[in-house]
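Descriptive structure summary
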Amino acid sequence: EPEVTQTPSHQVTQMGQEVILRCVPISNHLYFYWYRQILGQKVEFLVSFYNNEISEKSEIFDDQFSVERPDGSNFTLKIRSTKLEDSAMYFCASWGQGGREQYFGPGTRLTVT
Amino acid sequence: AQSVTQPDIHITVSEGASLELRCNYSYGATPYLFWYVQSPGQGLQLLLKYFSGDTLVQGIKGFEAEFKRSQSSFNLRKPSVHWSDAAEYFCAVGASYTGTASKLTFGTGTRLQVTL
(Lines give C-alpha, C1' and ligand atoms only; values in the text may rest on other atoms or scores of the structure.)
Protein backbone atom coordinates (compact mmCIF):
# COMPACT_ATOMS: atom_id res chain seq x y z
CA GLU A 1 0.00 0.00 0.00
CA PRO A 2 1.37 3.43 -0.88
CA GLU A 3 2.41 5.60 2.03
CA VAL A 4 3.62 9.06 2.91
CA THR A 5 7.14 9.13 4.31
CA GLN A 6 8.83 11.81 6.38
CA THR A 7 12.42 12.49 7.33
CA PRO A 8 13.93 12.82 9.79
CA SER A 9 11.82 11.10 12.41
CA HIS A 10 13.31 13.31 15.11
CA GLN A 11 15.20 16.58 14.77
CA VAL A 12 16.79 18.54 17.56
CA THR A 13 17.82 22.10 16.84
CA GLN A 14 18.83 25.20 18.70
CA MET A 15 16.62 28.25 18.91
CA GLY A 16 17.20 30.57 15.98
CA GLN A 17 18.38 27.85 13.63
CA GLU A 18 16.72 26.99 10.35
CA VAL A 19 15.21 23.55 9.90
CA ILE A 20 13.82 21.77 6.88
CA LEU A 21 11.38 18.93 7.33
CA ARG A 22 10.99 16.62 4.40
CA CYS A 23 8.08 14.62 3.12
CA VAL A 24 7.57 12.30 0.20
CA PRO A 25 3.85 12.22 -0.59
CA ILE A 26 2.13 9.40 -2.42
CA SER A 27 3.32 9.56 -5.99
CA ASN A 28 0.13 10.42 -7.88
CA HIS A 29 -1.26 12.78 -5.28
CA LEU A 30 -1.66 16.46 -6.05
CA TYR A 31 -2.62 18.07 -2.75
CA PHE A 32 -0.17 18.34 0.09
CA TYR A 33 -0.50 19.49 3.67
CA TRP A 34 1.44 20.18 6.80
CA TYR A 35 -0.09 19.85 10.24
CA ARG A 36 1.50 20.12 13.64
CA GLN A 37 0.73 18.73 17.05
CA ILE A 38 2.22 20.28 20.14
CA LEU A 39 2.72 17.65 22.80
CA GLY A 40 -0.56 16.75 24.44
CA GLN A 41 -2.62 19.00 22.19
CA LYS A 42 -4.72 18.56 19.09
CA VAL A 43 -3.52 18.35 15.54
CA GLU A 44 -3.56 21.78 13.88
CA PHE A 45 -3.58 22.63 10.20
CA LEU A 46 -0.66 24.71 8.99
CA VAL A 47 -0.80 24.90 5.20
CA SER A 48 -2.12 23.24 2.08
CA PHE A 49 -0.34 23.24 -1.26
CA TYR A 50 -1.64 22.55 -4.74
CA ASN A 51 -0.33 23.20 -8.22
CA ASN A 52 2.91 24.60 -6.86
CA GLU A 53 1.33 27.20 -4.69
CA ILE A 54 -0.16 27.60 -1.25
CA SER A 55 -3.93 27.12 -1.41
CA GLU A 56 -4.67 27.83 2.23
CA LYS A 57 -2.73 28.61 5.38
CA SER A 58 -3.54 29.10 9.02
CA GLU A 59 -2.59 31.99 11.25
CA ILE A 60 0.16 29.79 12.66
CA PHE A 61 1.87 29.74 9.28
CA ASP A 62 3.60 33.11 9.50
CA ASP A 63 6.61 34.49 7.64
CA GLN A 64 8.93 32.13 9.49
CA PHE A 65 7.41 29.20 7.64
CA SER A 66 7.64 28.29 3.99
CA VAL A 67 6.83 25.26 1.89
CA GLU A 68 8.29 24.04 -1.33
CA ARG A 69 8.04 21.19 -3.76
CA PRO A 70 11.60 21.29 -5.06
CA ASP A 71 11.23 18.31 -7.36
CA GLY A 72 8.60 15.81 -8.42
CA SER A 73 8.66 13.84 -5.23
CA ASN A 74 9.59 15.90 -2.17
CA PHE A 75 7.51 18.37 -0.22
CA THR A 76 9.33 20.42 2.40
CA LEU A 77 8.49 22.65 5.33
CA LYS A 78 11.11 25.20 6.30
CA ILE A 79 11.19 27.10 9.53
CA ARG A 80 13.66 29.98 9.14
CA SER A 81 14.42 30.83 12.74
CA THR A 82 13.07 28.29 15.17
CA LYS A 83 11.52 29.25 18.48
CA LEU A 84 10.99 27.11 21.54
CA GLU A 85 7.27 27.06 20.81
CA ASP A 86 7.91 25.42 17.44
CA SER A 87 8.67 22.20 19.29
CA ALA A 88 6.00 19.80 18.08
CA MET A 89 5.27 16.80 15.93
CA TYR A 90 4.90 17.84 12.32
CA PHE A 91 2.75 15.69 10.05
CA CYS A 92 2.73 15.75 6.29
CA ALA A 93 -0.34 14.55 4.41
CA SER A 94 -1.32 14.11 0.82
CA TRP A 95 -4.61 13.74 -1.04
CA GLY A 96 -5.21 12.34 -4.49
CA GLN A 97 -7.45 13.85 -7.16
CA GLY A 98 -10.94 12.52 -6.59
CA GLY A 99 -9.81 10.89 -3.41
CA ARG A 100 -11.58 11.29 -0.13
CA GLU A 101 -8.90 10.61 2.35
CA GLN A 102 -5.80 12.40 3.46
CA TYR A 103 -2.94 10.01 4.00
CA PHE A 104 -0.71 11.05 6.87
CA GLY A 105 2.97 10.42 7.27
CA PRO A 106 4.43 9.14 10.54
CA GLY A 107 5.55 12.63 11.58
CA THR A 108 8.77 14.41 12.45
CA ARG A 109 9.28 15.30 16.06
CA LEU A 110 10.99 18.69 16.23
CA THR A 111 12.64 19.67 19.48
CA VAL A 112 13.92 23.23 19.80
CA THR A 113 16.32 23.83 22.67
CA ALA B 1 -15.57 28.00 9.80
CA GLN B 2 -15.63 24.33 10.65
CA SER B 3 -15.00 23.09 14.18
CA VAL B 4 -15.05 19.85 16.15
CA THR B 5 -15.79 19.23 19.81
CA GLN B 6 -14.82 16.09 21.65
CA PRO B 7 -16.34 16.58 25.08
CA ASP B 8 -14.55 13.71 26.79
CA ILE B 9 -10.87 14.28 27.41
CA HIS B 10 -10.26 10.91 29.04
CA ILE B 11 -12.33 7.71 29.16
CA THR B 12 -11.56 4.50 30.97
CA VAL B 13 -13.32 1.26 30.09
CA SER B 14 -12.81 -2.35 31.05
CA GLU B 15 -11.64 -4.79 28.44
CA GLY B 16 -14.64 -6.39 26.81
CA ALA B 17 -16.94 -3.49 27.60
CA SER B 18 -18.58 -1.38 24.94
CA LEU B 19 -17.24 2.01 23.98
CA GLU B 20 -18.70 5.22 22.65
CA LEU B 21 -16.59 8.30 21.99
CA ARG B 22 -18.47 11.48 21.31
CA CYS B 23 -17.85 13.97 18.53
CA ASN B 24 -19.86 17.05 17.61
CA TYR B 25 -19.06 19.17 14.61
CA SER B 26 -19.97 22.56 13.29
CA TYR B 27 -20.13 23.09 9.56
CA GLY B 28 -22.61 24.83 7.29
CA ALA B 29 -23.17 21.98 4.85
CA THR B 30 -22.79 18.24 4.92
CA PRO B 31 -19.28 17.63 6.13
CA TYR B 32 -16.74 14.98 5.51
CA LEU B 33 -16.11 13.31 8.88
CA PHE B 34 -13.24 11.18 10.04
CA TRP B 35 -11.99 9.31 13.06
CA TYR B 36 -8.26 8.83 13.52
CA VAL B 37 -6.39 6.89 16.17
CA GLN B 38 -2.96 7.74 17.48
CA SER B 39 -0.86 5.48 19.68
CA PRO B 40 1.81 7.15 21.84
CA GLY B 41 4.61 8.55 19.72
CA GLN B 42 2.98 7.36 16.54
CA GLY B 43 1.29 8.92 13.57
CA LEU B 44 -2.38 9.12 12.70
CA GLN B 45 -4.22 6.08 11.46
CA LEU B 46 -7.59 6.47 9.79
CA LEU B 47 -10.29 4.34 11.43
CA LEU B 48 -13.23 5.34 9.27
CA LYS B 49 -14.78 8.14 7.27
CA TYR B 50 -18.18 9.45 6.25
CA PHE B 51 -18.99 11.37 3.11
CA SER B 52 -22.56 10.57 2.17
CA GLY B 53 -25.06 7.75 2.00
CA ASP B 54 -25.49 5.26 4.79
CA THR B 55 -25.13 7.11 8.06
CA LEU B 56 -23.65 4.11 9.83
CA VAL B 57 -20.10 3.53 8.64
CA GLN B 58 -17.85 0.62 9.41
CA GLY B 59 -14.16 0.98 9.91
CA ILE B 60 -11.11 -0.99 10.76
CA LYS B 61 -10.48 -2.84 14.02
CA GLY B 62 -14.20 -3.38 14.62
CA PHE B 63 -15.07 0.31 14.98
CA GLU B 64 -18.18 1.96 13.60
CA ALA B 65 -19.57 5.48 13.68
CA GLU B 66 -22.97 6.98 13.08
CA PHE B 67 -23.58 10.33 11.45
CA LYS B 68 -26.56 12.13 12.95
CA ARG B 69 -27.25 15.34 11.10
CA SER B 70 -29.94 16.49 13.54
CA GLN B 71 -27.46 16.30 16.40
CA SER B 72 -24.37 17.35 14.43
CA SER B 73 -22.69 14.30 15.81
CA PHE B 74 -20.44 11.53 14.59
CA ASN B 75 -19.89 9.24 17.57
CA LEU B 76 -17.47 6.36 17.43
CA ARG B 77 -18.48 2.98 18.85
CA LYS B 78 -17.05 -0.43 19.46
CA PRO B 79 -19.05 -3.28 21.00
CA SER B 80 -16.16 -4.91 22.82
CA VAL B 81 -12.94 -3.08 23.59
CA HIS B 82 -9.55 -4.79 23.55
CA TRP B 83 -6.56 -3.69 25.61
CA SER B 84 -4.76 -2.78 22.38
CA ASP B 85 -7.38 -0.12 21.69
CA ALA B 86 -5.85 2.11 24.35
CA ALA B 87 -4.80 5.22 22.44
CA GLU B 88 -5.80 8.78 21.62
CA TYR B 89 -8.77 9.18 19.30
CA PHE B 90 -9.33 12.24 17.14
CA CYS B 91 -12.45 13.25 15.30
CA ALA B 92 -11.92 15.51 12.30
CA VAL B 93 -14.08 17.40 9.84
CA GLY B 94 -13.31 18.41 6.29
CA ALA B 95 -15.26 20.74 4.02
CA SER B 96 -17.26 19.04 1.33
CA TYR B 97 -16.71 21.30 -1.65
CA THR B 98 -16.72 19.40 -4.84
CA GLY B 99 -13.39 18.67 -6.43
CA THR B 100 -11.30 20.39 -3.82
CA ALA B 101 -9.46 18.73 -1.02
CA SER B 102 -9.81 20.88 2.04
CA LYS B 103 -7.92 21.02 5.27
CA LEU B 104 -9.00 18.87 8.17
CA THR B 105 -10.01 20.42 11.45
CA PHE B 106 -9.38 18.14 14.41
CA GLY B 107 -10.97 17.90 17.80
CA THR B 108 -8.89 17.94 20.95
CA GLY B 109 -8.93 14.18 21.21
CA THR B 110 -10.13 11.59 23.70
CA ARG B 111 -7.61 9.45 25.49
CA LEU B 112 -8.89 5.92 25.95
CA GLN B 113 -7.56 3.83 28.78
CA VAL B 114 -8.47 0.14 28.94
CA THR B 115 -8.34 -1.74 32.20
CA LEU B 116 -7.90 -5.48 32.32
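Above this text you will find the structure in question.
Before going into details, it helps to say that this report is about the structure given with it. (Residues numbered from 1 in each chain as written. Chains lettered and ligands numbered in written order. Predicted model: local features only at pLDDT ≥ 70, side-chain atom pairs only at ≥ 80, totals over all residues. Heavy atoms only, no water.)

Every contact between the two is made by 21 residues of chain B and, on the other side, 19 residues of chain A. Between chain B and chain A the total buried area reaches about 1700 Å² when both faces are included, carbon and sulfur atoms providing 60% of it. The residue Glu56 of chain A makes a salt bridge to Lys103 of chain B at a minimum N-O spacing of 3.3 Å. The interface formed by chain B and chain A contains four residue pairs in polar contact (both at pLDDT 80 or more). When residues of the side of chain B that touches chain A are traced back to their parent elements, those giving at least two are strand 5 (32-38), strand 6 (45-50) and strand 11 (104-106) of chain B. The leading source of residues in the side of chain B that touches chain A is strand 5 of chain B, at four residues. In the side of chain B that touches chain A, the residues fall into 10 nonpolar, nine polar and two charged. (Contact = heavy atoms within 4.5 Å. Buried area = accessible area lost by both parts, 1.4 Å probe. Salt bridge = Lys/Arg side-chain N within 4 Å of Asp/Glu carboxyl O. Polar contact = N/O pair within 3.5 Å; in protein donor to acceptor, adjacent residues only side chain to side chain. Helix = DSSP H or I, 4+ residues; strand = E, 2+ residues; numbered from the N terminus. Nonpolar A, V, L, I, M, F, W, Y, C, P; charged D, E, K, R; others polar.)

Here the focus is the pattern of salt bridges. Residues and elements named next belong to chain B. Within this structure, the stated rule accounts for seven salt bridges over all chains. Where Asp8 meets Arg22, a salt bridge forms, and the shortest distance between an N and an O atom there is 2.9 Å. Of the two residues, Asp8 is situated in the loop between strand 1 (3-5) and strand 2 (10-14) and Arg22 in the loop between strand 3 (19-21) and strand 4 (24-26); the sequence distance between them amounts to 14 residues. In this structure, the salt-bridge partner of Lys78 is Asp85, at a minimum N-O distance of 2.8 Å. Exposure remark for Lys78: the relative accessible area of 10% places this residue in the buried category. Residues joined by salt bridges that share partners form a network here, namely Glu64, Glu66 and Arg77. (Buried < 20%, exposed > 50% of the residue type's maximum accessible area, 1.4 Å probe, protein only.)

A separate point is the nonpolar core. The biggest cluster of nonpolar side chains holds 26 residues, and the ones touching the most others in it are Leu19, Trp35, Leu47, Leu48, Phe74, Leu76 and Tyr89 of chain B. Considering every element that reaches this core, the biggest residue donor is strand 10 (residues 87-94) of chain B, with four residues. If we skip the residues at most four places from it in the chain, Leu76 of chain B touches Leu19, Glu20, Leu21, Trp35, Leu47, Leu48, Phe63, Glu64, Ala65 and Tyr89 of chain B. Of all hydrophobic cores here, the second largest spans 22 residues; its members include Leu21, Phe61, Leu77 and Leu110 of chain A. (Core = buried A, V, L, I, M, F, W, Y, C linked by side-chain atoms within 4.5 Å.)

Residues and elements named next belong to chain A. Spatially, the four strands line up as an open sheet ordered 1-3-8-7, and their pairing is antiparallel. Looking along the sheet, the strands with just one partner apiece sit at the ends: strand 1 (5-7) and strand 7 (65-68). The sheet shows a mean angle of 20° between the axes of neighbouring strands, taken without regard to direction. As defined by bridge partners, strand 3 (residues 19-24) adjoins strand 8 (residues 75-79) across five bridges and the pair is classed as antiparallel. Looking at the pairing, Cys23 lines up with Phe75 of strand 8. (Pairing = 2+ DSSP bridges. Axes fitted to C-alpha atoms, helices over the stretch in contact; angles between N-to-C directions.)

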